[in-house]
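The lines below spell out each chain.
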Amino acid sequence: LFTGSDDKRVKLYDVAAEEELCALEGHTDYVRSLRVNRASPHLVVSGSYDRTVRIWDPHASTSVMTLTFADPVFDVALLPGGGMVAVASGNTVSVCDLLSGGQVLRSIVTHSKTVTCLDVTDGHLLSGSLDRLVKVYELGAYKVVGSIKFGAPVLSLALSPTRSHLVACQADGMLCTRRQRTAPAK
């Protein structure tokens, strides 16, 4: 189990043994997001209010790469294959190529306020924002193919594995579930 927290550290725990294995230090502000790279499970990606994304190797207890952004980082999402990461910083979603040292391949600015959360599923990237919108982008072209308006700023979101349900946590404390419409049977 990996955790990131307000103590500015990323920690690795052995749940079965109920013990902390290591604490990774390097962020200088709250760790806001954390993702394990499924393609390379020995790599962990964290995003922080210190305006950085760090790629960690827990076995070496060190950060192997640091990416710096203009605004605090609210979320990170690894794209399929694990070689690229989407970063929510300010009102921008940046797509970075980890294999080329973190080069920004695309900066996507479609929200009017801070992007707070990201999710990736089956060829699509989703972003939620304080502007009360969730935007859906087609991976590759990174063009908006859908937009969903909510009643309050969106703080977190998740799409079900079948892509039938979208769950969004809003700043007003509401948890909103939206179900994809299905075409009527002919």
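Structure shown above.
Residues numbered from 1 in each chain as written. Predicted model: local features only at pLDDT ≥ 70, side-chain atom pairs only at ≥ 80, totals over all residues. Heavy atoms only, no water.

Trainee: Report on the sheet that holds strand β9 (residues 84-89), specifying residues and quantitative values.
Mentor: Ordered in space as β8-β9-β10-β11, the 4 strands form an open sheet in which the pairing is antiparallel. Where the open sheet ends on each side, the last strands, each with one partner, are β8 (73-78) and β11 (103-108). Along the sheet, successive strands turn relative to each other by an average axial angle of 25 degrees, direction set aside. (Pairing = 2+ DSSP bridges. Helix = DSSP H or I, 4+ residues; strand = E, 2+ residues; numbered from the N terminus. Axes fitted to C-alpha atoms, helices over the stretch in contact; angles between N-to-C directions.)

Trainee: Lay out the packing of aromatic side chains with the relevant residues and their values.
Mentor: In this structure the tally under the stated criterion is 2 aromatic pairs. Note on Tyr30 and Tyr49: the rings are 6.0 Å apart at their centroids and 45 degrees apart in plane angle, and the pair reads as tilted. Of the two residues, Tyr30 is situated in the loop between β3 (19-25) and β4 (31-36) and Tyr49 in the loop between β5 (44-48) and β6 (52-57); the sequence distance between them amounts to 19 residues. Tyr49 sits in the partly exposed class, given a relative accessible area of 25%. Taken together, the ring pairs in this structure connect Tyr30, Tyr49 and Phe74 into an aromatic cluster. Here the guanidinium or amino end of Arg178 rests over the ring plane of Phe150, the centre of that ring lying 4.3 Å away. (Phe/Tyr/Trp six-rings, centres within 6.5 Å; stacked < 30°, edge-to-face > 60°. Buried < 20%, exposed > 50% of the residue type's maximum accessible area, 1.4 Å probe, protein only. Lys NZ or Arg CZ within 6 Å of the ring centre and 35° of its normal.)

Trainee: Please give an account of unusual backbone geometry that cites residues and values.
Mentor: Of note, the phi angle at Glu18 is positive, near 55 degrees, even though the residue is not glycine. Mapping Glu18 onto the fold places it in the loop between β2 (9-14) and β3. Under the relative-accessibility criterion, Glu18 is labelled exposed at 74%. Even without being a glycine, Arg132 presents a positive backbone phi close to 75 degrees. Residue placement: Arg132 occurs in the loop between β13 (124-129) and β14 (133-138).

Trainee: Please provide a residue-by-residue account of the sheet that holds strand β17 (residues 165-170), values included.
Mentor: Strand order in the open sheet made by the 3 strands is β16-β17-β18, with antiparallel pairing throughout. Whereas interior strands pair on both sides, the edge strands pair on one side only; in this sheet they are β16 (154-159) and β18 (175-179). Strand-to-strand twist in this sheet, taken as the mean axis angle between neighbours without regard to direction, amounts to 20 degrees. Bridge count for β16 against β17 is 5 bridges, and the pairing is antiparallel. Residue Ser156 lies in a different strand from β17, and its bridge partner there is Cys169.

Trainee: Describe the pattern of salt bridges, with residues and values.
Mentor: Considering all chains together, one arrives at 5 salt bridges under this definition. Taking the shortest distance from any N to any O, the salt bridge between Arg9 and Glu25 comes out at 3.8 Å. In this pair, Arg9 sits in strand β2 while Glu25 sits in strand β3, placing the two residues 16 residues apart along the sequence. Judged by its relative accessible area of 26%, Arg9 falls in the partly exposed class. Overall, Glu25 belongs to the exposed group, its relative accessible area being 56%. A salt bridge links Glu20 to Lys11, with the nearest nitrogen and oxygen atoms 3.5 Å apart. The partly exposed category is assigned to Glu20, whose relative accessible area is 41%. Connected via shared salt-bridge partners are Asp7, Arg9, Lys11, Glu20 and Glu25. (Salt bridge = Lys/Arg side-chain N within 4 Å of Asp/Glu carboxyl O.)

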